[in-house]
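Overview (structure and organization)
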Amino acid sequence: EANFPVVAVEGELSNYIHHASGHRYFTLKDDFSQLRCVMFKWQAERIDFKPEEGIKLLAVGNLTVYERSGQYQLNVFRLQPLGRGELLFQIEELKKKLSSEGLFEQKRQIPSYPFTVGVVTSPTGAAVRDIISVLKRRAPHVRIIIRPTLVQGTGASADIVQAVKELNLFSNADMIIIGRGGGSAEDLWSFNDEAVVRAVAGSRIPTISAVGHETDITLTDFAADLRAPTPSAAAELAVRDVTDVREVITGFQIHLKQKILSRLNDSAMRIDSLRKEFSPERFLQKIQFRSQMVDELSMRLKSGFALSISRFETDLEKLKSRLLAMNPRAVLLRGYSIVYRESDNRVIMKDSMVGKGDGIRVEFAEGRLNAVVK
């Protein structure tokens, strides 16, 4: 411990344990030896990548002896990926960047019944054979357009980008399958290339990603509209089995036949009803019925009119009686008279309203006379 205060060790990660305490325990190994390592919680909080089994790491720390087991141990205070670890780190950083742009959220609907399927893959690998085999078995009517591409190595990324563009520009494909068989992280690296990811995300035609095996994940999987675990599975997802399609068509035929028969039955019933409705016997019956209704309405109209006249006459007599009762001249019929002052034609209510020699007029129920007050 005194002679080796700080050391840097490269090795492959194995037996990685993230303890509930927050400490990390793992082993660094190569073809000849292995070294036990520990990274305490307060140091491990600075790890900015996801440690995975098999990646190469550079660990910097203090060399100690764990007394309980008598083993050398590296107390790690800095850990960074190398080799594949560096690739994973780059992928994670690119994923964060593209995700922040919303590139992985724009998903198109995969057509249920495509007529043409474009395939971007190597023309010599097992993937293209598997895709063609499954498509022909499940949907022999579907047209397949193969755009052969490089899937690894120099120029692969540019070729994949060009293939996606060509299918978008010059084909009438309803969907595109992009993929290859399994391989190492380095073999699949082209499908993590930023240009490839952007081309897949920007495709006008819906895309299915089928890169590697089920456990292999690339950025193309996130950019595509649908991810398949294998190329064969992509072909399964791309088309429906012709047997299922026949069943769907048969179901539609039965449903359509039932609807047509139902409409025909309804129309026949309506025609029969109209035929009965407009038969000569029915037409004559309707005329007779309408004539009888006219007679009834006429009698009701006459009866109602006579009743209304009678009510009006009764109301008129009542009003006449009330008017006569309120007429002041009706009092004269009982022997009374009305006296007016001739000078101003006012009714005399008391004797003080006239004096000797004043002219007055007396009105009776029948006739009147003029007089002078004496």
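Up top is the structure.
Given the structure is predicted, the values throughout are model-derived calculations rather than measurements.

A few words on the overall build of the protein chain. Broken down by element type, the protein chain carries 9 helices and 14 strands. Against the 2.2 N^0.38 benchmark of 21 Å for 374 residues, the protein chain shows a C-alpha radius of gyration of 55 Å, more extended than a compact globule. Referenced to the eigenvectors of the C-alpha coordinate spread, the extents of the protein chain come out at roughly 165 × 80 × 45 Å. Within the protein chain, the fraction of its 374 residues that count as buried is 34%. The contacts in the protein chain between residues at least 6 apart in sequence include a share of 59% that link residues at least 24 apart. Carbon together with sulfur atoms contributes 56% to the accessible area of the protein chain, which is approximately 24,500 Å² in total. Positive and negative charge centroids in the protein chain, built from 52 and 46 side chains respectively, lie 13 Å apart.

Core analysis: the biggest nonpolar cluster contains 28 residues, and Val-120, Ile-178 and Val-197 have the highest contact counts within it. For this core, the elements supplying multiple residues, two or more each, are helix H2 (84-100), helix H4 (156-170), strand E8 (175-180), helix H5 (194-201) and helix H6 (219-223). When neighbours within four sequence positions are excluded, Ile-178 is seen to be in contact with Val-120, Val-164, Phe-191, Val-200, Thr-207, Ile-208, Ser-209, Ala-210 and Val-211. Residues Ile-110, Leu-135, Ile-208 and Ala-228 belong to the second largest nonpolar core, which totals 18 residues.

As a further point, take the pairing of strand E7 (residues 143-148). Two elements, strand E6 (residues 116-121) and E7, share 6 bridges in a ladder whose sense is parallel. Across the sheet, Val-120 pairs through a bridge with Arg-147, a residue of E7. What joins E6 to E7 is helix H3 (residues 126-138), and the crossover it makes is right-handed.

Here we have 5 strands rolled up into a closed barrel, ordered E1-E2-E3-E5-E4, and mixed in their pairing. Averaged over neighbouring strand pairs, the angle between their axes works out to 55° when direction is ignored.

Turning our eyes to something else, we now look at the sheet that holds strand E9 (residues 207-211). In space, the 5 strands of this open sheet follow the order E7-E6-E8-E9-E10, with parallel pairing throughout. Of all the strands in the sheet, just E7 and strand E10 (226-227) have a single pairing partner and so form its edges. Contacting E6, E7 and E8, H4 runs over the sheet at an angle of about 145° to E7.

Counting through the fold element by element, Ser-122 comes out in the loop between E6 and H3. By relative accessible area, Ser-122 is classed as buried at 15%. Reaching out from Ser-122, the side chain makes a polar contact with the side chain of Thr-124 at a distance of 3.3 Å.

Attention shifts here to the packing of aromatic side chains. Aromatic ring pairs are defined here through the distance separating the ring centres and the angle between the ring planes. Within the structure shown, the criterion is met by 3 aromatic pairs. On the basis of an interplanar angle of 10° and a centroid distance of 5.4 Å, the ring pair of Phe-40 and Trp-42 is categorised as stacked. Classification of Trp-42 by relative accessible area gives exposed; the value is 57%. With 5.7 Å between their ring centres and 35° between their planes, Phe-104 and Phe-222 make a pair best called tilted. Taken together, the positions of Phe-104 in the loop between H2 and E6 and Phe-222 in helix H6 put the pair 118 residues apart, joining distant regions of the chain. Exposure remark for Phe-104: the relative accessible area of 13% places this residue in the buried category. Assessed through its relative accessible area of 29%, Phe-222 is described here as partly exposed. The side chain of Arg-361 reaches across the aromatic face of Tyr-340, ending 4.4 Å from its centre.

Counting through the fold element by element, Arg-138 comes out in helix H3. Its relative accessible area of 13% is what places Arg-138 among the buried residues. Polar contacts involving the side chain of Arg-138 include one to the side chain of Glu-236, which spans 2.9 Å.

Procedures and definitions
- Residues numbered from 1 in each chain as written.
- Predicted model: local features only at pLDDT ≥ 70, side-chain atom pairs only at ≥ 80, totals over all residues.
- Heavy atoms only, no water.
- Helix = DSSP H or I, 4+ residues; strand = E, 2+ residues; numbered from the N terminus.
- Rg over C-alpha atoms; globule rule 2.2 N^0.38 Å.
- Buried < 20%, exposed > 50% of the residue type's maximum accessible area, 1.4 Å probe, protein only.
- Contact = heavy atoms within 4.5 Å.
- Areas by Shrake-Rupley, 256 points an atom, 1.4 Å probe, with all protein chains shown as cover.
- Lys, Arg positive; Asp, Glu negative; His and termini not counted.
- Charge placed at Lys NZ, Arg CZ, Asp CG, Glu CD.
- Core = buried A, V, L, I, M, F, W, Y, C linked by side-chain atoms within 4.5 Å.
- Pairing = 2+ DSSP bridges.
- Right-handed = clockwise from strand over helix to strand, strands pointing away.
- Axes fitted to C-alpha atoms, helices over the stretch in contact; angles between N-to-C directions.
- Polar contact = N/O pair within 3.5 Å; in protein donor to acceptor, adjacent residues only side chain to side chain.
- Phe/Tyr/Trp six-rings, centres within 6.5 Å; stacked < 30°, edge-to-face > 60°.
- Lys NZ or Arg CZ within 6 Å of the ring centre and 35° of its normal.

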